Each structure stands twice: as structure tokens, then as C-alpha cells.
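Coordinates in review
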Amino acid sequence: MKTSFFKSCTAAALLFLAFSACSQQETTLGNLHVIPLPQEITEQVTANPFVIRTSTTICYPEGNEKMKRNAEFLASYIKEVAGTQVKVSSETAASNCIMLETDTTLTNKEGYEMDINADRVIIKGGSEAAVFYGIQTLHKALPITNGQTLASLPAGTINDWPEFSYRGFLVDVGRHFFSVDYLKEVIDMLALHNINYFHWHLTEDQGWRIEIKKYPKLTEIGSHRKETIVAPGSDQFDNTPVSGYYTQEEAKEIVRYAAERYITVIPEIDMPGHMLATLASYPELGCTGGPYEVATQFGVFTDVLCGGNEKSLQFARDVLNEIMDIFPSPYIHIGGDECPKERWEACPKCQAQIRKLGLKDTPEHSKENQLQAWFMGEVEKSIVARGRKMLAWDEILEGNPAKSTTVMAWTSPNVRIKSARLGHNTIVCPITHLYFSNPGYNRLKGVSSVARVYNFEPVADELTPEEKARIIGVQGCIWTEWTKDSVKMEWQMMPRIAALSELQWSNPKQKNLDNFLGRLRHQLDLYVLYGYHYKQDIDNVTIDINAGENGQALVTLSTFDNAPVFYTTDGSEPTASSAAYTEPFPVQGSQTIKAKAIRNGRESETTEETLNYSLATMRPITLASEADKGYTFKGATLLNDGLKGDGNYRSGRYMGFYSNNVDATIDLQSEQEISEAFIDTYLVPGDYIFGLTGMEVYVSNDGKSFSKVASRQIPVLEKGSKNNVPCHNTLAFDKTKARYVRIVGKCTPTLPAWHSGAGKKAFLFVDEIGVN
Ligand SMILES: [Zn+2]
């Protein structure tokens, strides 16, 4: 060992001499505009930069172990990114140094100041954690040189602090288990984004993942399931067991690893719902006594912890006491979500407890929901007794909980408003924007997927200043029903976590998507450097197609980082010798446009759009009926843009009508012979989205007086109709000549008797209409 170490030192020394003898090494300048964007940056463009060399020393205050570790982190980042091994010392160097200091006079304990000149860099923070955030900024400001050139930092100052004190990220290990080593990598990813809370969702219907010494069966039985459903709505199972749990020592190791990176681990024990793994282990804790099985499917189950059994409460207290021994977190999350009350309504123990407590149904809160609030209140006592705070999902509001409960607002963006108005400290994590694993809301690609996160406003304008102050944080979540491995986890996280980190840290007044995207390339390059699997569709070309003149389509091709783009319109695969995109170009007629970005020889995936032309495509269109506000998107033109829907009715490729017909008139811009009209719809009966019940076609030559040329009835969808089915509805008629065509598609009046929402209004989602 010693010999080889000596040899490598000698080799390094020789290499250094060789450089000194030849020439001054080139430098590459970094960029202080990192992700998340610091609050204030002042660059001194004419001043000399700070150059990082092997002689550079990172100085930390003697005797401060946290600052020593901070210094070592920074040295390792510099080595990774710039390839330079700098020195770390507790002795102050006169020059060529990076000085780490704490300054207790700084008002924000997570805030830091950075001052960079040619001689030295000073990072001064309100705490050791704050210095760590300054280090992360410096880390990301470095150019990635891999030792080819010397890295330098522009002279200037940064004054920075976080917008929110709570910056969280959740990983669900209940549905699928992830190893301790991998969770450490995830924690590194969080640290790179200045996230300070790792919300560890430890228990689920599908698996209990943390050792509890007083209840050994939780891991003996509850951490195993025999198999897993293969896809949503499927009746097939994979016949592959899933198991795994963390010992208390392993959990403490995660806590320690995270704490070194100034990340607090919040444990979640989800109760009284989502407890099938518990009931399978201890059936006496359920209302019926079982038998129960660790869940092999996903969703919400009726079997939950009995709310009227003294043993259940004792169980909750015992588990949380062991949890609080492991986790020093000020917050303890006890779930409280998705707890159906069927069992409680029928359970003698639950009903006896309701009577004992004198609970009565009120218009806002059923007595069973109040029983849950009581149960949670009892649990909260044992949390508060140990100086901790209770954190729960927003369903807890249904039972009128104590104001001391901190609420995670997930079920919709509106709930954050309700929660803050009710007086609760609130953490914002709506399923619609910040559940990165949710396919329904987040089956978006590339820039639109990142933009959806970035454009979300955690603090609602309609709140008063006092209510706004109750929005204490923002969190992203990954639920692992369909996230079985680390690659998929990282695809779901990155790059959206970069957008999340700006919601959490940066000044909302400086929010600008283009500016963010301009800084994103470097962040992606860092992901590559660290071997993280970011979702590569961000690199792909975005194809925008809009109506041009006289039925032409105007095609715009773009990438988030303005990379060179090559394209074809004949369906062939684009290459570096295909047409290079310079500006929007017109096309007409059915065709396939394919485009690819090529960055330094590295090709993106191909993006393609197919235009399906009818006589109506890209012609002026007016809508006489109103689309639903939430599903209007770019307006009437999306109904005749020649572009097919993408199987996601929330994507903007369909227009949604709520209990309303689609009634559109198209100006063909000259008299045309026509004999067929069509309306393409999308059917998701499970989401109240039904099909047409009729079609009508009218024609006119002046756009004023129309005559009906055809109509037809269409039967209401039958029981058993599948979800996510495209439907092409046509109406043929005798050849006729006309310039204006009015096409009406009739919405299903009410949901039929077989549907769970029988009698309620239906949605109609329209993809495309046209005439031939
Ligand atoms: Zn019960």
C-alpha cells in the first residue's frame, strides 16, 4: 500500500513539474447563477476571477468539527467537478484560500454571504448549515473541467437565504424497498438542491419497513408481500415477493448521514389507514380481527386500525416512542390520510368509543371522522410529551384537529388555502404538481414536465399576509407503486427536483422560466458527472404547431438550451446533415415532422408530430359552446390543428366540455365539396368522461344562414366500457358544396344508471374535428 501511494505521489509531482515548465495552464470561468438561484448576486465583471489550484486552501475555524466536515465536502466537490485536489486546513492562509466562517449576527440562520476576489473566497453563514448552502452554491458555480483546465470563479458577491425554512422531499419505501446505500445517494441528491427535510414514508399497506422491538412481527410478517399487481387495473400478479426493512441501527445511520448534510429525516408511520401490513402482523388491531394479508395491490383499503380499541392506541404510542428514540426530528409524521370509515361504522368497539366520547355527526364532520381526530389527538399527546410536533396529511382537517398540527396539503392546490385559513402551519405538496411519480397529472415530457413544477405558486395570492406566513414549506414526493428501481426513481426526480428547489429556495419575484431553463444545462451536466439518471426527454426538441396563413401550419422547433436542431418532413430519421432549423416554417397537408437536437455530437431522442389534414385543418374556427375552464388550454384552434391526442386528457391535446356540447363552426376559406364530418373524442368513464350521444352537421355559404345536412344519434356508453379509449365518430352525408361548416357533438346528458356517479353530469373530451 505505502509503496504504491508513494509512486502515485511521485507521478503527480512529475506531472505538475511538466505543466509548470511548459506554459501557464488555461482557466475556465464558472457561473454564479446556479440552481436554486441565489437571492442576490453582484458580479464584478472587470475584476480578476479566483482561480482554483492545487495550492488553494480551504480554511475552517479550528475546533469546529462541522466546519471541518464542510471544508472536506467542498474539497471533494472541487475534486469531482474541477479535478483539482485542494488543501483543507484550520490555519488561516494569507491568500489563495477559501475561508469558511460562521457569523451569528446574520439574521437568517440558513443565510450566507459569499465574497469572491482574485485572492480569496469568503463564505460566511448564519450557522454551519448556512455555510453548507454557500458551499453548494460554490460547488454548482464551478465549471466542469475534469482537470483539463483550471476552474475559476467570477469576482463578485452573493447574499443568499432560503424563501422557505421547510424544503422537503418524500420517498415512499413502503410500496417498494430501497437499500440504505441507495437512500444515501438520494440524500446526496437532496443536498445538491439545498433540501433540508427527507420525509421517509416507512409504512404502507404493502410493507412495514422499520424494526420495532416491541412488535417484532411487524418486520417478521409485515415487511413481506408475496407478489405485486403488474399494472394499474390489471388482474395479473407478478408472482415475485417483495420484502425488506431497516433495522433501527440502519435507520440511525441514515439519520446520521443526512444530518452531516444538514438534512433532517422525518419518519412517517401512516395511521390509522394504510395499515394492512400492521393488521397482517397483529390482526387483533383491526375492527374485524382478520385474517388480513399484506397488500399485493395498490389503492385505499377498507381495513384500517380499529379506532375504538385501547390496544390500537397503545400500539401507536409504543411504535412512536421507539421511532422518536431513533429519529431526533422535530416533526413526527403520523399519516392520517385515506382512512375509509366503513369498518368503524360497523365496529362495536369503535361505536362504543364514539358514544363514550359523546361524538355526534355534524354537517362538516361525521362522528367517525371525529373519532379519527380524537385518536390522532391522543397520539399527538405522546408526540408533544417528547417535545416534538405532529405532522399529518390534509385529510386530518376533516376531523377538526388541534391547530398545533402541521398539515401537508396534498389532495389539491386549494387545500393549502383551506389549511392556512384554518390556522395550521402548512407544507405544500399538491398531487397535481409535486407528486413526481403520479402518471395522471405528470405524464408530461421534457420542458412541459419541468414547467409544470416551476410555474406552480406555493403561496396563493388570495391569502392574507398572516395566512401566507403559515405556508412554511414546499415538498416534492415520490410514491413507489410503479417505481421499483433507482433508475426510475431518478427519472421521476430529475430534472423536476431542480424546479422544485427554486420554489423552495429562490425569490418568487425573480421567477422566470426561460431564465431557469438557461441555467438548467449546467445542472444536467452535474447529474451526468455524478452518474444520476435524469429524464433525458428534457434534451429533446419541442415541436409547436399552430395555424398559419390559408390553411398552412406553422412549425416551431425549440430546445430548452437553444441547442442546434435538425429536422425532416418526409418521415425519415433526422441526422446532422438534415435541414438545420433556423426559424418557424410553414407546411401544408398530412405529413410527419421529425426533429432531433445534436449537442457536441451527442444526439437527443427524435421527437415527432404527425399532421393529419382534413379540409378543416388550420382553417379559422369559432366555438359557440364554452369549454370547461380547466380544460380549455389554447382554445378552439386545438380542435382543428391536425394533431391527435396523446392519451392524457390533461395534457392540452384535448378540450374538455362539462355537461355541454361541442359546437364549432369552421371557415374553409373557399367553397369545398364535402361528404363527411368527424369528431374524435376520448373516453374515460371512470373519470366521468363519456362519449357523444349525437352529431349534427350544418353548412352555409355566407356564414350566417346555415342548413342542416345530417344528424345521427349515438347510444350512451355501455356498462363495462374501458377507460382511456379514443373514439372516432363520423357522419356521412350526400356530397354538398359549402364554405362554412358547423359541427355539433352532443354531450352525454347525465351519467347512466350503471355508473357510480349515476345522474351526475358528464364530461366530453374532444381531440379533433374536421370534414372530408
Ligand atoms: Zn373498530
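Residues numbered from 1 in each chain as written. Predicted model: local features only at pLDDT ≥ 70, side-chain atom pairs only at ≥ 80, totals over all residues. Heavy atoms only, no water.

The name an unreviewed UniProt entry assigns to the protein chain is beta-N-acetylhexosaminidase, from the organism Phocaeicola coprophilus. In its Catalytic activity (unreviewed entry) section, UniProt records this for the protein chain: "Hydrolysis of terminal non-reducing N-acetyl-D-hexosamine residues in N-acetyl-beta-D-hexosaminides." (UniProt positions renumbered as here; feature names shortened; annotations may be inferred.)

All right, on to the overall build of the protein chain then. Looking only at helices and strands, the protein chain has 19 helices and 38 strands in total. Scaling as 2.2 N^0.38, a compact globule of 772 residues should have a C-alpha radius of gyration of about 28 Å, and the protein chain matches this with 30 Å. The principal-axis extents of the C-alpha atoms in the protein chain amount to approximately 90 × 80 × 55 Å. Every one of the 772 residues in the protein chain was classed for burial, and the buried ones make up 55%. Considering only contacts within the protein chain whose residues lie at least 6 apart along the sequence, 72% involve residues at least 24 apart. Both charge centroids of the protein chain, one from 76 positive and one from 93 negative side chains, sit 3 Å from each other. (Helix = DSSP H or I, 4+ residues; strand = E, 2+ residues; numbered from the N terminus. Rg over C-alpha atoms; globule rule 2.2 N^0.38 Å. Buried < 20%, exposed > 50% of the residue type's maximum accessible area, 1.4 Å probe, protein only. Contact = heavy atoms within 4.5 Å. Lys, Arg positive; Asp, Glu negative; His and termini not counted. Charge placed at Lys NZ, Arg CZ, Asp CG, Glu CD.)

Spatially, the seven strands line up as an open sheet ordered E2-E10-E7-E8-E6-E4-E5, and their pairing is mixed. Where the open sheet ends on each side, the last strands, each with one partner, are strand E2 (40–43) and strand E5 (87–89). Averaged over neighbouring strand pairs, the angle between their axes works out to 10° when direction is ignored. Bridge count between E2 and strand E10 (residues 156–160): four bridges; the pairing is antiparallel. Along E10, the bridge assignment pairs Ile 41 with Ile 158. Against the sheet, helix H2 (residues 65–82) touches strand E4 (57–59), E5 and strand E6 (97–102), its axis set at about 145° to E6. (Pairing = 2+ DSSP bridges. Axes fitted to C-alpha atoms, helices over the stretch in contact; angles between N-to-C directions.)

With that settled, consider helix H19 (residues 513–529). Since the α-helix advances by 3.6 residues per turn, residues separated by three or four positions end up pointing in the same direction. Over its 17 residues, H19 runs 24 Å from end to end, which matches the ideal 24 Å to within 8%, given 1.5 Å per residue. Leu 520 marks where H19 bends most, by close to 35°. Looking only at H19, the buried set comprises Phe 516, Leu 517, Arg 519, Leu 520, Arg 521, Gln 523, Leu 524, Leu 526 and Tyr 527. Structurally, the start of H19 carries an N-cap: the backbone nitrogen of Asp 514 is 3.0 Å from a side-chain oxygen of Asn 512. (Expected span 1.5 Å × (residues − 1). Bend = angle between axes of the 7 residues up to and from the residue. Polar contact = N/O pair within 3.5 Å; in protein donor to acceptor, adjacent residues only side chain to side chain.)

Turning next to the coordination of the zinc ion. Ideal coordination angles are 109.5 degrees for a metal with four donors arranged tetrahedrally and 90 or 180 degrees for a metal with six donors arranged octahedrally. Every protein donor of the zinc ion is accounted for by Cys 287 (SG), Cys 306 (SG), Cys 347 (SG) and Cys 350 (SG), and the metal-donor separations fall at 2.3 to 2.4 Å. Relative to the metal, the four donor atoms surrounding the zinc ion lie at angles of 106 to 114°, and the coordination shape comes out tetrahedral. Linear spacing of the donor residues for the zinc ion on their chain is C-x18-C-x40-C-x2-C. A residue pair is termed long-range when its members are at least 10 positions apart, and Cys 287 in the loop between helix H7 (276–281) and helix H8 (310–326) and Cys 306 in the loop between H7 and H8 qualify at 19 residues. The two residues Cys 287 and Cys 306 agree in class, both being buried. (Donors = N, O, S within 2.8 Å, 3.2 Å for Na, K, Ca; no water. Tetrahedral: all angles 85-135°; square planar, octahedral: opposite > 155°, others 65-115°.)

This next bit is on the domain arrangement of the protein chain. Split into domains, the protein chain comes out as domain 1 (22–160), domain 2 (166–506), domain 3 (540–611) and domain 4 (621–771). For domain 1 versus domain 4, the separation of C-alpha centres amounts to 60 Å. (Domains from an automatic or database assignment.)

A few words now on the sheet that holds strand E3 (residues 50–51). Spatial ordering of the open sheet is given by E1-E9-E3, a layout of three strands whose pairing is mixed. The open sheet is flanked by strand E1 (27–29) and E3, the only strands paired with a single partner. Bridging between E1 and strand E9 (residues 150–153) involves three bridges; their strand directions are parallel. In the sheet register, Thr 28 faces E9, and the bridge partner there is Ala 151.

This paragraph deals with the environment of Ala 758. Here Ala 758 shows up in the loop between strand E37 (725–747) and strand E38 (763–771). Owing to a relative accessible area of 40%, Ala 758 belongs among the partly exposed residues under this scheme. For the pair Ala 758 and Tyr 688, spaced 70 residues apart in the sequence, the C-alpha separation amounts to 9.7 Å. Those residues in contact with Ala 758 that lie beyond four places of it in its chain are Leu 751, Pro 752 and Ala 753.

Two numbers describe how helix H4 (residues 180–192) lies on helix H17 (residues 486–493): the axes approach to 12 Å, and their chain directions differ by 15°. As far as their axial angle goes, H17 and H4 are roughly parallel. For the pair H4 and H17, the crossing hand works out as right-handed. Here H4 contributes Tyr 182, Val 186, Met 189 and Leu 190 to the contact with H17, which in turn contributes Ser 486, Met 489, Glu 490 and Met 493. Each residue belonging to the contact of H4 with H17 can be placed in one class, and the counts come to six nonpolar, one polar and one charged. (Parallel < 35°, antiparallel > 145°, perpendicular 65-115°, else oblique. Left-handed = near helix turned anticlockwise from the far one by under 90°. Nonpolar A, V, L, I, M, F, W, Y, C, P; charged D, E, K, R; others polar.)

This brings us to the state of the cysteines. In total, this model carries zero disulfides according to the counting rule given. The structure places no disulfide on Cys 97, whose sulfur is separated from the nearest cysteine sulfur, that of Cys 59, by 4.6 Å. Under the relative-accessibility criterion, Cys 97 is labelled buried at 0%. With no disulfide of its own, Cys 747 lies 14 Å from the sulfur of Cys 727, the closest cysteine sulfur. (Disulfide = S-S within 2.5 Å.)

Bringing the pattern of salt bridges into the picture now. Oppositely charged side chains can pair when the atoms bearing their charge come close. Counted according to the given criterion, the structure contains 39 salt bridges. A salt bridge links Asp 172 to Arg 175, with the shortest nitrogen-to-oxygen separation between them at 2.9 Å. Residue Asp 172 is classed as buried on the basis of its relative accessible area of 0%. Salt-bridge contacts for Arg 739 lead to Asp 667; the nearest nitrogen and oxygen are separated by 2.8 Å. On the criterion of sequence distance, the pair formed by Arg 739 in strand E37 and Asp 667 in strand E33 (residues 662–683) is long-range, its members being 72 residues apart. (Salt bridge = Lys/Arg side-chain N within 4 Å of Asp/Glu carboxyl O.)

As defined by bridge partners, strand E35 (residues 692–700) adjoins strand E36 (residues 707–713) across six bridges and the pair is classed as antiparallel. Looking at E36, one finds that Tyr 698 is bridged to Lys 708. With antiparallel pairing between neighbouring strands as the criterion, E35 and E36 make up a hairpin whose turn holds six residues, including Gly 703 at a positive phi of roughly 80°.

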